[in-house]
Structure formats: structure tokens, C-alpha cells
Amino acid sequence: MLKKFTKIILCMAAAVMAAVSCEKAEIVVPEGERQLEVNANNISGRWTLAELDGQPLLEGTYVHFEFVRNDKTYVITDGMKGFTEAPKTFEGRFDFEEDPRWGTVLIGQYDHQTGDFWKDKYAVVSLTADTMVLKGVKTGRVQTLVRMEDK
């Protein structure tokens, strides 16, 4: 009897977790800022990672993104190792796809010999003139990017 009860509880817990995980990504709207349509034109430009999962990056670390709208290419400069290693640069192509659960999703492919796709896809849950909030579809990690001033 106890085994049946335990199985029922586990099945109910699994059903609740499945229902919760199917919720659409909540849009985080910075107060007083107008949301932009998610397209190559509106994300074009230079961005820097300001927060990862709500936490600021450690001092001396950075990740910069540059999206080019004309040919949908990107360059990512990863300085997460700080001063201990030279930054790594990744280049490739990006695009968007519509997902019934997540809305507009940013996808990408690296331009190296294997042409691998990014390990995750990123739901664009908020886009304003100065801020873009991305949520990993697989990982759930939230990245807040801030537009960099042009040189």
C-alpha cells in the first residue's frame, strides 16, 4: 500500500513539474521603457553582458557581443577568465525562430570547420533600446545585455 501511495505522489509531482516547466517565459520589462520588436535591425550593434542569472560579472571579466544586421553575423569576445588569459573570440551567424512556448528565440551557428550550432537557444524575453534580456531555452540561465556606446 505504501509503495502505491509513493508512486502516486511521485507521478503527481512529475505532472506538476511538467505543467510548471511549460509556462511561457515571463517578459521582464524595464520600467518606463518601450519594448522593441525582436529582429536583426533592433539587436544590431555592440552589447556587453552585465548580469548572469541576476548577478553582476566579477570585476575584470566581460563578454562582448556584436550583431551585424545586414548578413546576420556576430562576434563574441569572451573575457570571462579576466586578466589570466587572453580573451577568446567566436564568430558565426545568427537568426531567429518562433517558438510556441518561448516566443522569439535567438539561434546561432559558429563559423569554424564543423559549423556547430550554439549549445543553447535564447528566448528574447525583453528588448529595449538599451537592454536585452535572454533566457536559455535548455538551461534557463538569464543573461542581461546592455548596449555599448559606439566608438
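Residues numbered from 1 in each chain as written. Predicted model: local features only at pLDDT ≥ 70, side-chain atom pairs only at ≥ 80, totals over all residues. Heavy atoms only, no water.

Draft legend 1. Examining the overall build of the protein more closely. For the protein, the helix and strand inventory stands at two helices and nine strands. In sequence order, the secondary structure elements of the protein are arranged as α-α-β-β-β-β-β-β-β-β-β. Looking at the protein alone, contacts between residues at least 24 apart form 38% of all its contacts between residues at least 6 apart. Put simply, the protein shows about 10,400 Å² of open surface, and 56% of that area lies on carbon and sulfur atoms. (Helix = DSSP H or I, 4+ residues; strand = E, 2+ residues; numbered from the N terminus. Contact = heavy atoms within 4.5 Å. Areas by Shrake-Rupley, 256 points an atom, 1.4 Å probe, with all protein chains shown as cover.)

Draft legend 2. The packing of aromatic side chains, seen in detail. Enumeration according to the criterion identifies six aromatic pairs in this entry. Both rings, one in Tyr 74 and one in Trp 118, keep their centres 5.3 Å apart while their planes meet at 70 degrees; by these two values the pair is edge-to-face. Here the residue Tyr 74 occupies a position in strand β4 (residues 73-79), and Trp 118 occupies one in the loop between β6 (103-110) and β7 (122-127), the gap between them amounting to 44 residues. Across the pair, Trp 118 and Tyr 74 agree in class, each one buried. (Phe/Tyr/Trp six-rings, centres within 6.5 Å; stacked < 30°, edge-to-face > 60°. Buried < 20%, exposed > 50% of the residue type's maximum accessible area, 1.4 Å probe, protein only.)

Draft legend 3. Spotlight on the nonpolar core. Of all hydrophobic cores here, the largest spans 22 residues; its most connected members are Ile 43, Phe 65, Phe 67, Phe 94, Leu 106, Leu 127 and Met 132. When contributions to this core are tallied by element, the ones reaching two or more residues are α2 (40-43), β1 (45-52), β3 (62-68), β4, β5 (88-99), β7 and β8 (131-136). Dropping the residues within four chain positions of it, Leu 127 is found in contact with Arg 34, Gln 35, Leu 36, Glu 37, Val 38, Asn 42, Ile 43, Trp 47 and Met 132. Of all hydrophobic cores here, the second largest spans six residues; its members include Trp 102, Ile 107, Val 125 and Val 133. (Core = buried A, V, L, I, M, F, W, Y, C linked by side-chain atoms within 4.5 Å.)

Draft legend 4. Structural view of the pattern of salt bridges. Scanning the entire structure with this criterion turns up three salt bridges. Between Asp 53 and Arg 141 there is a salt bridge, and its shortest N-O distance comes to 2.9 Å. Remark: Arg 141 occurs in the loop between β8 and β9 (142-147) and Asp 53 occurs in the loop between β1 and β2 (55-56); sequence separation between them is 88 residues. Since its relative accessible area comes to 38%, Asp 53 is described here as partly exposed. (Salt bridge = Lys/Arg side-chain N within 4 Å of Asp/Glu carboxyl O.)

Draft legend 5. Molecular detail of the pairing of β7. By the criterion of burial, β7 is predominantly enclosed, with six of the six residues buried. Sheet topology places β7 next to β8; five bridges connect them, and they run antiparallel. The residue bridging Tyr 122 from the neighbouring strand is Gly 136, located in β8. Once β7 ends, the chain turns through three residues before running back antiparallel as β8. (Pairing = 2+ DSSP bridges.)

Draft legend 6. A look at the layout of surface pockets. Volume-wise, the largest pocket comes out at about 610 Å³. Along the wall of the largest pocket there are 19 residues; nearest its centre are Phe 65, Ile 76, Tyr 110, Tyr 122 and Gln 143. Among the elements that make up the lining of the largest pocket, the one with the highest residue count is β3 (three residues). For the lining of the largest pocket, a count of residues per class yields 13 nonpolar, two polar and four charged. (1 Å grid on protein atoms, 1.4 Å probe; cavity = no way out; pocket = protein on both sides within 12 Å on 5 of 7 lines; lining within 4 Å. Points joined across faces, edges and corners; volume = space filled by probe spheres on them. Nonpolar A, V, L, I, M, F, W, Y, C, P; charged D, E, K, R; others polar.)

Draft legend 7. Examining the side chain of Thr 104 more closely. Relative to the helices and strands, Thr 104 resides in strand β6. Judged by relative accessible area, Thr 104 falls into the buried class, the value being 15%. A polar side-chain atom of Thr 104 sits 2.7 Å from a polar atom in the side chain of Glu 98. Contact partners of Thr 104, with chain neighbours within four places excluded, come to Val 38, Phe 96, Glu 97, Glu 98, Tyr 122, Ala 123 and Val 124. (Polar contact = N/O pair within 3.5 Å; in protein donor to acceptor, adjacent residues only side chain to side chain.)

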